[in-house]
Number of protein chains: 2
Amino acid sequence: MSSDIRAFSPASVGNAGVGFDILGHSIDGPGDLAIVRRIAEPTVRIAAIRGTTVDLPRVAEKNTAGMALLSLREGLGLEHGFEIELEKGIPLGSGMGGSAASCVAALVAANALLATPLTPEQLYPHALAGEAVASGSLHGDNVGPMLLGGLVLATKDALVRIPVPAHWHCVLVHPDAVLETRRAREALKGHYALGDFVAQSANLALVLAGCFQGDVALVRRGLSDVLVEPRRAPLITGFAEVKTAALDCNALGASISGAGPSVFAWFESRADAEAAATAMRAAFATAGFASESFVSPIAGPAARVLP
Amino acid sequence: MSSDIRAFSPASVGNAGVGFDILGHSIDGPGDLAIVRRIAEPTVRIAAIRGTTVDLPRVAEKNTAGMALLSLREGLGLEHGFEIELEKGIPLGSGMGGSAASCVAALVAANALLATPLTPEQLYPHALAGEAVASGSLHGDNVGPMLLGGLVLATKDALVRIPVPAHWHCVLVHPDAVLETRRAREALKGHYALGDFVAQSANLALVLAGCFQGDVALVRRGLSDVLVEPRRAPLITGFAEVKTAALDCNALGASISGAGPSVFAWFESRADAEAAATAMRAAFATAGFASESFVSPIAGPAARVLP
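Residues numbered from 1 in each chain as written. Chains lettered and ligands numbered in written order. Predicted model: local features only at pLDDT ≥ 70, side-chain atom pairs only at ≥ 80, totals over all residues. Heavy atoms only, no water.

### A look at the overall build of chain A
Then step 1. Regarding its fold elements, chain A presents 10 helices and 11 strands.
Then step 2. For a compact globule of 307 residues, the expected C-alpha radius of gyration is about 19 Å, and chain A comes in at 19 Å, within 12% of that figure.
Then step 3. Dimensions along the principal axes, computed over C-alpha positions, put chain A at roughly 55 × 40 × 40 Å.
Then step 4. Within chain A, buried positions represent 62% of all 307 residues.
Then step 5. Long-range contacts, defined here as pairs at least 24 residues apart, represent 73% of the contacts in chain A between residues at least 6 apart.
Then step 6. Accessible area for chain A stands at about 11000 Å²; split by element, carbon and sulfur atoms hold 54% of it. (Helix = DSSP H or I, 4+ residues; strand = E, 2+ residues; numbered from the N terminus. Rg over C-alpha atoms; globule rule 2.2 N^0.38 Å. Buried < 20%, exposed > 50% of the residue type's maximum accessible area, 1.4 Å probe, protein only. Contact = heavy atoms within 4.5 Å. Areas by Shrake-Rupley, 256 points an atom, 1.4 Å probe, with all protein chains shown as cover.)

### Regarding the sheet that holds strand 9 (residues 263-267) of chain A
What links the strands of a sheet is backbone hydrogen bonding, and the strands pair in either a parallel or an antiparallel sense.
Residue and element names in this part refer to chain A.
Then step 1. Strand order in the open sheet formed by 4 strands is 8-9-7-10, with antiparallel pairing between adjacent strands. Strands at the two margins of the open sheet, each flanked by one partner only, are strand 8 (253-256) and strand 10 (291-297). Within the sheet, the average angular offset between the axes of one strand and its neighbour, ignoring direction, is 20°.
Then step 2. Examined bridge by bridge, strand 7 (residues 169-175) and strand 9 share 5 bridges and lie antiparallel to one another. Bridged to Cys170 within strand 9 is Trp266. (Pairing = 2+ DSSP bridges. Axes fitted to C-alpha atoms, helices over the stretch in contact; angles between N-to-C directions.)

### As for the packing of aromatic side chains
Between two aromatic rings, the relevant description is the distance of the centres plus the angle of the planes.
Then step 1. For the structure shown, the criterion picks out 4 aromatic pairs over all chains.
Then step 2. With a centroid separation of 6.0 Å and 75° between ring planes, the pair formed by Phe197 of chain A and Tyr192 of chain B is classed as edge-to-face. A residue pair is termed interchain when its members come from two chains, as with Phe197 of chain A in helix 6 (residues 194-213) and Tyr192 of chain B in the loop between helix 5 (181-186) and helix 6 (194-213).
Then step 3. Residue Phe197 of chain A is classed as buried on the basis of its relative accessible area of 1%.
Then step 4. Look at Tyr192 of chain B and you get buried, because its relative accessible area is 2%.
Then step 5. Feature note: the residues Tyr192 and Phe197 of chain A together with Tyr192 and Phe197 of chain B constitute an aromatic cluster, connected by ring pairs.
Then step 6. Above the face of the Tyr192 of chain A ring, Arg231 of chain A is positioned so that its terminal group lies 3.8 Å from the ring centre. (Phe/Tyr/Trp six-rings, centres within 6.5 Å; stacked < 30°, edge-to-face > 60°. Lys NZ or Arg CZ within 6 Å of the ring centre and 35° of its normal.)

### Side note on the relation of the copies chain B and chain A
Then step 1. Overlaying chain B with chain A gives an RMSD of 0.0 Å, the required rotation being 180° about an axis along which the chain moves by 0.0 Å. Classification of the inter-copy transformation places it as that of a two-fold axis.
Then step 2. Interface overlap between copies: 96% of the residues of chain B at the interface are likewise at the interface in chain A, consistent with a symmetric, same-surface contact. (Least-squares fit on C-alpha atoms with pLDDT ≥ 70 in both.)

### Points about the interface of chain B and chain A
Then step 1. The interface is formed by 28 residues belonging to chain B together with 28 residues belonging to chain A.
Then step 2. Of the roughly 2500 Å² buried between chain B and chain A, counting both surfaces, carbon and sulfur atoms make up 81%.
Then step 3. Of all residues in chain B, Tyr192, Leu194 and Phe197 of chain B give up the largest surface area on contact with chain A, accounting jointly for 24% of the area buried on that side.
Then step 4. At the level of secondary structure, the elements contributing two or more residues to the side of chain B that touches chain A comprise strand 6 (159-162), helix 6 and helix 7 (216-222) of chain B.
Then step 5. Among the elements that line the side of chain B that touches chain A, the one with the most residues is helix 6 of chain B, at 12 residues.
Then step 6. Of the residues contributing to the side of chain B that touches chain A, the split by class is 20 nonpolar, 4 polar and 4 charged. (Buried area = accessible area lost by both parts, 1.4 Å probe. Nonpolar A, V, L, I, M, F, W, Y, C, P; charged D, E, K, R; others polar.)

### Notes on the packing of helix 2 (residues 98-112) of chain B against helix 3 (residues 120-135) of chain B
Residues and elements named next belong to chain B.
Then step 1. Where helix 2 contacts helix 3, the axes come no closer than 9 Å and their chain directions differ by 145°. Considering only the axes of helix 2 and helix 3, their crossing is right-handed. For the pair formed by helix 2 and helix 3, the contact residues are Ser99, Ala100, Cys103, Val104, Leu107 and Asn111 on the first element and Leu123, His126, Ala127, Gly130, Glu131 and Ala134 on the second.
Then step 2. For the contact of helix 2 with helix 3, the class distribution of residues is 7 nonpolar, 4 polar and 1 charged. (Left-handed = near helix turned anticlockwise from the far one by under 90°.)

### Let's talk about the UniProt feature "domain: GHMP kinase N-terminal" (unreviewed entry) in chain A
Then step 1. The UniProt entry lists residues 67-150 of chain A under the feature "domain: GHMP kinase N-terminal" (unreviewed entry), expressed in the numbering used here.
Then step 2. Measuring from the first to the last C-alpha atom of residues 67-150 of chain A gives 25 Å, for a span that is 56% helix and 10% strand. (UniProt positions renumbered as here; feature names shortened; annotations may be inferred.)

### As for the packing of helix 6 of chain A against helix 6 of chain B
Then step 1. Put simply, helix 6 of chain A and helix 6 of chain B touch, their axes get as near as 10 Å, and they point 25° apart. Considering the angle they form, helix 6 of chain A stands roughly parallel to helix 6 of chain B. Between helix 6 of chain A and helix 6 of chain B lies a crossing of right-handed hand. Note on element contacts: helix 6 of chain B touches helix 6 of chain A through Leu194, Phe197, Ser201, Leu204, Ala205, Leu208, Ala209, Phe212 and Gln213 of chain B, opposite Phe197, Gln200, Ser201, Leu204, Ala205, Leu208, Ala209, Phe212 and Gln213 of chain A. (Parallel < 35°, antiparallel > 145°, perpendicular 65-115°, else oblique.)

### Quick look at the environment of Ala202 of chain B
Residues and elements named next belong to chain B.
Then step 1. Structurally, the position occupied by Ala202 is in helix 6.
Then step 2. Taking the relative accessible area as the measure of exposure, Ala202 reaches 7% and is therefore buried.
Then step 3. Spatially, the C-alpha atoms of Ala202 and Arg221 are 9.8 Å apart, while their sequence positions differ by 19 residues.

### Things to note about helix 10 (residues 270-286) of chain B
Residues and elements named next belong to chain B.
Then step 1. Helix length check: helix 10, at 17 residues, gives a terminal C-alpha distance of 25 Å against a target of 24 Å (1.5 Å per residue), a fit within 8%.
Then step 2. Of all the residues in helix 10, the buried ones are Ala273, Ala276, Ala277, Met280, Ala283 and Phe284.
Then step 3. Buried residues along helix 10 sit against strand 7 (169-175), helix 9 (239-248), strand 9 (263-267) and strand 10 (291-297).
Then step 4. Phi turns positive one or two residues past the end of helix 10, at Gly288, with a value near 100°. (Expected span 1.5 Å × (residues − 1).)

Given below as structure tokens:
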């Protein structure tokens, strides 16, 4: 009956260093593709999974894309169902938002099949429901930027795009290593001191103010994760050296992308970012890891339907 | 030799609910006055303390204003000293930044006596040094707004004014009760959960984004203290009722001013704020406390030299 819709969602840098679980930005680079079609049965099926990762759950309730479309069906009271094919471009366990990208790509494709498509904000709760399947928690710092594009504040019930000058760029370096999100989350267990929260929230506020004002000096002051990075960095071989390489190349700051092991850094220009990408990959190589790198505006693209 | 300089510093709302130790705003209302003169001796003397509180330390090192000017002298390598008279307009232990106001008023007056006056940012470390005498910690959420005026992000080494629409107003209600800052700080001892921090930092980010964009709906979503208020509210009789009174009068949010017991609330207009002030005072009265209230733009004034 209805034709296939193909949608693409970019990767993203979750947490963005200072906004654990609430701040992230999309990346102009790799991503996941979803092909979605309407089916008469009142259900959601995963018909195929291709690409970088294929051993993902095929049961809709256990698949981020499947769960997102189940949530969408239920939320809208749709009579029909959906069939999904996924083409994974983002490796799992990379810290680049792979599970979120499948979920958002599927939602954006399914949305284009609706008589009255929803806004990104209206899709957001369904994306959160999908993302929770993979991570076990509701956090929008990957799905939020994928839905809206750019740097996004993603709280439990709001998406706010944070303006970023177009010439500010990010380097994302992905080492050939896997760090499971659940293991990275376990490293965060335990208690925290109020003083660490104060320091981290000051950094978050400096980065936000710097972005709103286009003031690179404020971002440079604030872009430092004093809360989460110290607990996760030991899980990433070579992290300290890669971060130092970025800072030595004039990074505004550098930290772990999402749950890692990918590392990101922000720069005032594309030229700075490109020079740093080489140095950051060299640092991973010294630590024994091959890697790939992506240079993107911080204000990266949103997920989109493909022609 | 040199003539007396008189300077006034307004009161302030420390923490502003979502920015513990780092965010605050000044109030157009009560304040402290400092009269400062140069003296030949290489020292700082407190010559007199008048006003709402007079039993404050007269030893410069133990007085916030005295310590701030000692820090200024040492920082600039001044050969001369200062003599200070203080006229306290802000009650101590009120949560209105009384110790900070004396410190900032003295600094602004002393600064006007310098051959080359410093900027507010340059005065900031000396204000922090003064404030630490009273509270035992370096936090700029009161001295920062007093130095710059308005809503200010005050980190350990930066002051950033956050833009706020001129018609947004604050109510500050001060009950006739004293809550010692040290006691209010003790209530915060212990450990914190990461989830509470995520929720609080999301609120901080929503409030900042709302201020930068002049978006009252974002501020309304974010202006809620889920981290500190639950631990301090039990120290303030009537707090829950006063907060409810504010929210019932269309407040964007309400919480504890500084360490309390004063309560503040934000509103979209002066008319809303004035109506709420009456209701908030009535709620304190029901709880057994007389109170005074102040209605001010959130973008309150900076400390200033008086003619």
